[in-house]
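Secondary and tertiary structure notes
Take a look at the letters that make up each chain.
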Amino acid sequence: MSADLGELGDLYQEVILEHSKAPRNFRKPASANHHAEGFNPLCGDRCSVYLDVEDGAIKDIGFEGSGCAISRASASMMTQALKGKSTEEAAKLFEEFHNLVTGDAEAMKNAAELGKLAAFGGVSKFPARVKCATLAWHTLQSALEDKEETVSTE
Ligand code: ZN
């Protein structure tokens, strides 16, 4: 992997590597009242997202699953970013994050507003990895909508 790091330097930002090694909120909260499963067949990433939503706010959030460094780090950082946010704020953040990783010029310019999530800007140069970065977010959306089918990025 070290041989690829030069070329993929922009993709594997330090904060992404750090979260992939030690994912935050990697657990199923006992109070969870929403849940969904996601699968990215392109890479083999799997992700379960658990939410405790009360009065329109995400009181607690956790995830489980297995996958590549990008998918794990993205899920980990997503849970940190969304804890305490309203479901409307979560939907808006997903839109902004999605715009960033798909290379939207406006979103790239305003990346700093996304805080740590801005580290995923490099993903836009690697189209195949966009699905890794957005898997947890698609799964989150499905959990909020209480869909029972596994979300697939394909
Ligand atoms: Zn992946």
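Conventions used here
- Residues numbered from 1 in each chain as written.
- Predicted model: local features only at pLDDT ≥ 70, side-chain atom pairs only at ≥ 80, totals over all residues.
- Heavy atoms only, no water.
- Donors = N, O, S within 2.8 Å, 3.2 Å for Na, K, Ca; no water.
- Helix = DSSP H or I, 4+ residues; strand = E, 2+ residues; numbered from the N terminus.
- Buried < 20%, exposed > 50% of the residue type's maximum accessible area, 1.4 Å probe, protein only.

1. Some thoughts on the coordination of the zinc ion
Within the protein, the atoms that donate to the zinc ion are Cys43 (SG), Asp45 (OD), Asp45 (OD), Cys68 (SG) and Cys132 (SG), at distances of 2.2 to 2.7 Å. Sequence spacing among the residues donating to the zinc ion works out to C-x1-D-x22-C-x63-C. Of this pair, Cys43 sits in the loop between strand E1 (34-40) and strand E2 (45-54) while Cys132 sits in helix H6 (residues 127-144), and the two are 89 residues apart along the sequence. Assessed through its relative accessible area of 36%, Cys43 is described here as partly exposed.

2. Some points on the environment of Glu18
Looking at where Glu18 falls in the secondary structure, it is placed in helix H2 (residues 14-21). Glu18 sits in the partly exposed class, given a relative accessible area of 38%. Taking C-alpha positions, Glu18 is 23 Å from Met108, a pair spaced 90 residues apart along the chain.

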